[in-house]
Amino acid sequence: MLGVNSVPVGEGVPEQVDVTAGPVPVHVHAEPGVVATVPLPVMKRPEKIAALSTMDEQEVRNCTKCVLCEGRIQTVFGEGDPDAPIMFVGEGPGQNEDEQGRPFVGRSGDLLEKQVQAMGFERSQIYIANVVKCRPPNNRTPLTGEVDACSDYLRRQIEIIRPKVIITLGGPAAKLVLGVKEGITRIRGQWHEYPGVSPAVPVMPTFHPAFLLRQYTKENRAKVWSDLKKALERVGQDSS
Ligand code: URA
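Here's what I pulled together on the structure shown here. In this text, all values refer to a predicted model and were calculated from it rather than measured experimentally. (Residues numbered from 1 in each chain as written. Predicted model: local features only at pLDDT ≥ 70, side-chain atom pairs only at ≥ 80, totals over all residues. Heavy atoms only, no water.)

**Focus: helix 5 (residues 144–161)**
The end-to-end C-alpha distance of helix 5 is 25 Å, a good match for the 26 Å that 18 residues give at a rise of 1.5 Å each. For helix 5, the principal kink sits at C150 and spans about 45°. Of all the 18 residues making up helix 5, 15 are buried; the element is thus mostly covered by neighbouring parts of the structure. Among the residues trailing helix 5, R162 stands out with phi positive, at a value near 50°. (Helix = DSSP H or I, 4+ residues; strand = E, 2+ residues; numbered from the N terminus. Expected span 1.5 Å × (residues − 1). Bend = angle between axes of the 7 residues up to and from the residue. Buried < 20%, exposed > 50% of the residue type's maximum accessible area, 1.4 Å probe, protein only.)

Spelled out as structure tokens, the structure:
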């Protein structure tokens, strides 16, 4: 499972936090290699935007933590609304994404956008990221060491955005985010949790749009739509 490391609790309680408001308001910044085990104060939108762009510009764009940096044209950080209720997580950039520096911009991206619209959102209203930020050679599945090297970026994106729901796309993304061994066919449609942040975020695994494009059957489309509807219900926006 992605990035559970140390627990730097007790770094000071921010003065502005209302201690009557809920769970222990210990102030822990989203630093690399650090996992919060107590709920963090939710950032305001401008803080989220600043934290995300600082991470992208100062860390991810120059990242050389694994060999994937050698083959990339550019990194693909992720994009969307920092207050998005739903965050989609794919496996890693492909050729189009590597060329454009944006996630899901090829045929899979077109299908994902249609799915997002069917859910009642525009693409700009959700957030899209990948497990790894650099394109693996020949679009192979990222290796464990590559995922480990990159995992903290995704964990911090999740921690900053605090989506109500994460939807993982495809088997590798589900396995990498959740640490499960079962294949996507077994786990899709069932609620899981991403425990790398506190409080843990509900995760709904579904098929990858590229798989759906390859096997565009009525049955597979119905399965994905059922998964997406479960996510919608969880965020309180039923599309039916
Ligand atoms: N597939 C992914 O998993 N991510 C992308 O960004 C594009 C295709």
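**Things to note about the nonpolar core**
In terms of nonpolar packing, the biggest core is built from 54 residues, with M87, F88, V131 and I167 touching the most fellow members. For this core, the element with the highest residue contribution is helix 5, accounting for seven residues. Not counting chain neighbours up to four residues away, the residues in contact with I167 comprise I86, M87, F88, V89, M119, M204, T206, L228 and A231. (Core = buried A, V, L, I, M, F, W, Y, C linked by side-chain atoms within 4.5 Å. Contact = heavy atoms within 4.5 Å.)

**Some remarks on the packing of aromatic side chains**
Each pair of aromatic rings is reported with the distance of its centres and the angle of its planes. A complete count under the given rule lists one aromatic pair for this structure. On the basis of an interplanar angle of 50° and a centroid distance of 4.7 Å, the ring pair of F207 and F211 is categorised as tilted. When its relative accessible area of 6% is taken as the criterion, F207 is described as buried. Positioned above the aromatic ring of F207, the side-chain terminus of R188 is 5.8 Å from the ring centre. (Phe/Tyr/Trp six-rings, centres within 6.5 Å; stacked < 30°, edge-to-face > 60°. Lys NZ or Arg CZ within 6 Å of the ring centre and 35° of its normal.)

**Observations concerning the sheet that holds strand 6 (residues 201–206)**
Adjacent strands of a sheet pair through backbone hydrogen bonds, lying either parallel or antiparallel. Taken in spatial order, the six strands make up an open sheet running 1-3-2-4-6-5, and their pairing is mixed. Each edge of the open sheet is held by one strand with a lone partner, namely strand 1 (79–80) and strand 5 (192–194). As defined by bridge partners, strand 4 (residues 165–169) adjoins strand 6 across four bridges and the pair is classed as parallel. In the sheet register, I166 faces strand 6, and the bridge partner there is V203. Each of strand 2 (86–90), strand 4 and strand 6 touches helix 9 (residues 218–235); the most contacted strand, strand 6, lies at about 165° to it. (Pairing = 2+ DSSP bridges. Axes fitted to C-alpha atoms, helices over the stretch in contact; angles between N-to-C directions.)

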